[in-house]
Amino acid sequence: MEIFQDVVCPVCGCLCDDIEVNVENNKIVKARNACAMGTTKFLNYNADRISVPMIKDNGVQKPVSLEDSIGRASEVLVNAKYPLIYGLSLSSCESVKVALELTEEIGGVLDNQTSVCHGPGVQGLHDIGESTGSLGEIRHRADLIVVWGANLQEAHPRHMERYSYTSKGRFRNGKDDRKLIVIDVRNTLTAKSADKFVQIEQGKDFEFANALRTALNQEQIQKNQVAGVPVEEIEDLAEILRSCEFGVIFFGQGVTQTNGKGRNIDGLFSLTRDLNSWTKFLIMPARGHFNVTGVNQVSTWQTGFPYGIDFSQGYPWYNPGETTIIDIIRRGENDATLVIGSDPIAHFPPAISKRLTSNPIIAIDPAHSMTTMVADVIIPSSFAGIEYEGIAYRMDGVALPLKKLVNEPNNTKSDEVVLKMILEKVRDIKRRN
Amino acid sequence: MTGVKVIILSGRTLRQGVGKEAGKTSERYRTSISYCDMNQEDIASLSIKAGENVKVTSAHGSVVLKSAASNQLTKPGMIFIPYGLYANQLFNDITGSSGMPTFKGEPAVVESAADESVKTIEELIMEIK
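The model shown is predicted, which means the values in this text are computed figures rather than measured ones.

Each helix and strand in chain B was counted, giving four helices and six strands. What you see in chain B, going N to C, is helices and strands ordered as β-α-α-β-α-β-β-β-β-α. Here the C-alpha atoms of chain B give a radius of gyration of 14 Å, agreeing with the 14 Å that 2.2 N^0.38 yields for 129 residues. For chain B, the spread of C-alpha atoms along the principal axes amounts to about 35 × 35 × 30 Å. When contacts within chain B are restricted to residue pairs at least 6 apart in sequence, those whose partners lie at least 24 apart make up 71%.

Structural data, given as C-alpha cells:
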C-alpha cells in the first residue's frame, strides 16, 4: 500500500492540503482528514465514469475512437462562427493555458463558472479595489470573522477549522480568541454557530452595507430600520466591526446572485475600505470550485481579463453582461459550445439550457452529467488532483500543487492533453482549408 | 387550489455537495436536489404535511418538488431549493448586464401537488432537448 501525505483536496476553494490518501493496487482505499465532500470524491470519483468517447449519430450517442471524437470536435469548432468554451474550474491551470490558446485560434469566447458564481465579486473588485490577504494570515491574526451571504459550514465544511473561526493560529487560539458574525437571510448552519446572527431582508445587501458605512462614519441613519434591522442594532454592529484588531469579511453567493449583483459587492468592498480607516480589515470571496480562482488567475495574466474573454475580433475583449455565457446564449449568438468539466445544462436557467442544445455541444468530462447526456461529442478525461498533477489556486490566490495518486484509465487523458490534441487538429484543419 | 406567494432562494447544501461527488446519475444526487425547504407556516397554509409534493411556478418555469420543513427559514414567504437541475427550471435568463442570473430572489407560487410526481432527471432533460 502506498500512502500519500499532504494531498491537496480537489473539491472546493479551500484546497485543504493536509489529506492523507492510501492507495492499494491503483485504487484509493482511504482519505484521512477530508470533509464529507472530499471523502466522497476520493472514494467514489470512479463510480460514474465515462468510459469511451462518443459522437451523437441520428440522436443517439455511439462509442467512437478518441481520434474520431477529437476530429469531430475540432471540425465543429473550426466551422463555428462564434464558438464558446466554458468550464475549467475543475481542471489544472496548465489546462486553462491551452484552452486560452485554443479560444484565440478559433476566435471564440472563453468563459468559466465565475460568470454564475462570483462574477459580480470580480466586478466589485474592478470598481472599488480589494483589501485582502492570505487565509494563513487570517488564521494567525483575525479576531473578527464576518460571514456575509455564505454558508461555509455546508459549502466549505473545513473552512472554519482550518482558516477562520475555530482555527488555531499563532496569535489566536481558536474560537475563544475570535468572534463570528453571520449576516444572512436564512438562519443557516453557519448562522447557528455564530456569536451573533444578523438576519437581513432578502435583496437588501447593498442598503445594509451602506447603512453600516453610515453608522461607521458616525453619520445619522435617517430611518428606523434598514433591511429589517433596527438602526440601534446597525450602530452596535458598526461598533463591533470598528473595534476589532483584525477583521475579515467572507462573502458568498447570497450577495453575488441576489439582485444588485456587482453593486452589492461595491457596498461590501466600500465598507471594508472604510473600516481600514479604523482598523485592519480584509474581504475575500468564498470561492466554490477548487480551481475557479486559478482560471481567473491564468486568464488574467495571459489576457488581462479574468473571465468572459472574447477573441472574436482577434484580440481579447471583456465586458460582463455582453461577453459572458448567459448573455451570449440568450442573444442567440453562439453556434457551438465546448464544455470542459462543467454542467451548464443543470445549472443555467431553462431558456438558456434549451438554446444551448440547439447548437452542437462538445463535452470534455471524466464523469456523466446532465450536459454529457445531451452532448453531441463526448471526450472522456481524467481527474485533476487524482489522476494527473498540476497547479490550482486556493480562494485566497495561493497556488498549490495537485498530486497524481493513481493512474488514469486507458483511453483517458487529462484536460490539458485533450485540449492540446484539439488545438493541434484545429490548426491542421485550418492549414488544409 | 390556491397557492402561497414566495421568493425562491437556491444554494449549496452539504448533501448536494456530497451527492454531486457520488455521481450525477446517482439516486443520492437526485434526492439531494429535488426538494424544497419551506417555513412551517407556509406548509400549514397549503394544508399539506412536510414531505408531500408541491409545485413551484415562477414566470420562467414550473417544477414539482418534495416539500421539507426547515427551521432555517424563520419567516414565511421564502423557500430554498438546492442548486441543480430542479431549481434551475425556475429562473430568469436576464442578467441585467451583469452576466449573472438572479438565482436568489425569484418570485414564485407554491401549490400542493399531492397527485403529481417529482420528475426524474431524464424526464426533465427530455423537456430541455
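Quick look at the overall build of chain A now. Scanning chain A from N- to C-terminus turns up 18 helices and 21 strands. Expected size for 433 residues packed as a compact globule is a radius of gyration near 22 Å; at 23 Å, chain A falls within 12% of this value. Each of the 433 residues in chain A was classed as buried or not, and the buried ones make up 58%. For chain A, the share of sequence-separated contacts (at least 6 apart) that also reach a separation of at least 24 residues comes to 68%.

With that settled, consider the nonpolar core. Core analysis: the largest hydrophobic core is formed by 176 residues, its most contacted members being Ala99(A), Leu212(A), Val248(A), Leu268(A), Val56(B) and Ile79(B). Beyond its immediate chain neighbours, meaning those up to four positions away, Val56(B) contacts Ile8(B), Cys36(B), Ser62(B), Val63(B), Leu65(B), Ile79(B), Leu90(B), Ala108(B) and Val110(B).

Attention now goes to the sheet that holds strand 1 (residues 2-7) of chain A. All names here are of chain A. Reading across the sheet, the three strands line up as 1-2-3 and stay open at both edges, with antiparallel pairing between neighbours. In the strand order of this sheet, the two ends are held by strand 1 and strand 3 (27-32), each with one partner. Across the sheet, the axes of successive neighbouring strands diverge by a mean angle of 25°, strand direction being ignored. Sheet topology places strand 1 next to strand 2 (residues 19-24); four bridges connect them, and they run antiparallel. Counted as the bridge partner of Val7 is Ile19 from strand 2. Relative to the sheet, helix 1 (residues 36-44) contacts strand 2 and strand 3, its axis offset from that of strand 3 by approximately 165°.

On to the sheet that holds strand 5 (residues 60-63) of chain A, then. Residues and elements named next belong to chain A. The sheet built from nine strands is open, its strands ordered 5-4-19-18-17-6-7-15-16 with mixed pairing. Where the open sheet ends on each side, the last strands, each with one partner, are strand 5 and strand 16 (317-318). Sheet topology note: the strand 15 (residues 309-310)/strand 16 ladder contains two bridges and is antiparallel. From the neighbouring strand, Asp310 faces strand 16, where its bridge partner is Trp317.

Glancing now at the domain arrangement of chain A. Residue and element names in this part refer to chain A. According to the domain assignment, chain A contains domain 1 (2-43), domain 2 (50-116 + 290-432) and domain 3 (119-285). Taking the mean C-alpha position of each, domain 2 and domain 3 sit 34 Å from one another. Contacts between domain 2 and domain 3 engage 12 residues on the former and seven residues on the latter. In the side of domain 2 that touches domain 3, the residues fall into six nonpolar, four polar and two charged.

Residues and elements named next belong to chain A. Tracing the sequence through the fold places Leu212 in helix 9 (residues 205-216). Residue classification places Leu212 among the buried positions, given that 28 C-beta atoms sit within 10 Å. Excluding its chain neighbours within four sequence positions, the residues that come into contact with Leu212 are Ile234, Leu237, Ala238 and Leu271.

Here we come to helix 13 (residues 292-303) of chain A. Residues and elements named next belong to chain A. With 12 residues, helix 13 extends 16 Å from end C-alpha to end C-alpha; this agrees with the ideal 16 Å at 1.5 Å per step. Of the residues making up helix 13, those classed as buried are Val292, Thr293, Gly294, Val295, Asn296, Val298 and Ser299. Looking at the buried side of helix 13, the elements it contacts are helix 3 (93-106), strand 7 (109-111), helix 4 (119-128), strand 15 and strand 20 (390-393). Residue Gly304 follows helix 13 closely and has a positive phi angle near 95°.

Looking now at the packing of helix 3 of chain A against helix 13 of chain A. Residues and elements named next belong to chain A. Two numbers describe how helix 3 lies on helix 13: the axes approach to 9 Å, and their chain directions differ by 45°. Judged by the angle between their axes, helix 3 and helix 13 are oblique. Once helix 3 is placed against helix 13, the crossing between them reads as right-handed. Across from Cys93, Val96, Lys97 and Leu100 in helix 3, the residues of helix 13 making contact are Gly294, Val295, Val298, Ser299, Gln302 and Thr303. Looking at the contact of helix 3 with helix 13 residue by residue, the classes come out as five nonpolar, four polar and one charged.

The extent of an interface is frequently quoted as the accessible surface area lost upon association of the parts. At the interface, 45 residues of chain B touch 54 residues of chain A. If you list the elements that add at least two residues to the side of chain B that touches chain A, you get strand 1 (4-11), helix 1 (14-22), strand 5 (78-82), strand 6 (104-112) and helix 4 (121-128) of chain B. With five residues, helix 1 of chain B is the largest single contributor of residues to the side of chain B that touches chain A. Partitioning the side of chain B that touches chain A into residue classes produces 17 nonpolar, 22 polar and six charged.

Attention now goes to the pairing of strand 3 (residues 53-57) of chain B. One face of the sheet, then the other: side chains in a regular strand alternate in exactly this way. All names here are of chain B. Of the strand pairs in this sheet, strand 3 and strand 4 (residues 62-69) are connected by five bridges, and their pairing is antiparallel. Counted as the bridge partner of Lys55 is Val64 from strand 4. Turn length for the strand 3-strand 4 hairpin, with the two strands adjacent in sequence and antiparallel, is four residues. In the sheet, strand 3 pairs with strand 6 via four bridges, with the strands oriented antiparallel. If you follow Thr57 over to strand 6, its bridge partner there is Val109.

Attention shifts here to helix 4 of chain A. Residues and elements named next belong to chain A. Among the residues of helix 4, those classed as buried are Gly119, Pro120, Gly121, Val122, Gln123 and Gly124. Lining the buried residues of helix 4 we find helix 11 (253-256), helix 12 (262-275), strand 14 (280-285) and helix 13. Just beyond helix 4, the residue with positive phi is Gly129, at close to 95°.

All names here are of chain A. The side-chain alternation of strand 19 (residues 377-380) yields two buried faces, one formed by Val377 and Ile379 and the other by Ile378 and Pro380. Note: strand 4 (residues 54-57) against strand 19, two bridges, orientation antiparallel. Directly across from Met54, in strand 19, lies its bridge partner Ile378. Sheet topology note: the strand 18 (residues 361-365)/strand 19 ladder contains four bridges and is parallel. Looking at strand 19, one finds that Asp365 is bridged to Pro380.

Reading the values: rules and limits
- Residues numbered from 1 in each chain as written.
- Chains lettered and ligands numbered in written order.
- Predicted model: local features only at pLDDT ≥ 70, side-chain atom pairs only at ≥ 80, totals over all residues.
- Helix = DSSP H or I, 4+ residues; strand = E, 2+ residues; numbered from the N terminus.
- Rg over C-alpha atoms; globule rule 2.2 N^0.38 Å.
- Contact = placed C-beta atoms within 7 Å.
- Buried ≥ 20, exposed ≤ 12 C-beta atoms within 10 Å, placed from the backbone.
- Core = buried A, V, L, I, M, F, W, Y, C linked by C-beta atoms within 7 Å.
- Pairing = 2+ DSSP bridges.
- Axes fitted to C-alpha atoms, helices over the stretch in contact; angles between N-to-C directions.
- Domains from an automatic or database assignment.
- Nonpolar A, V, L, I, M, F, W, Y, C, P; charged D, E, K, R; others polar.
- Expected span 1.5 Å × (residues − 1).
- Parallel < 35°, antiparallel > 145°, perpendicular 65-115°, else oblique.
- Left-handed = near helix turned anticlockwise from the far one by under 90°.

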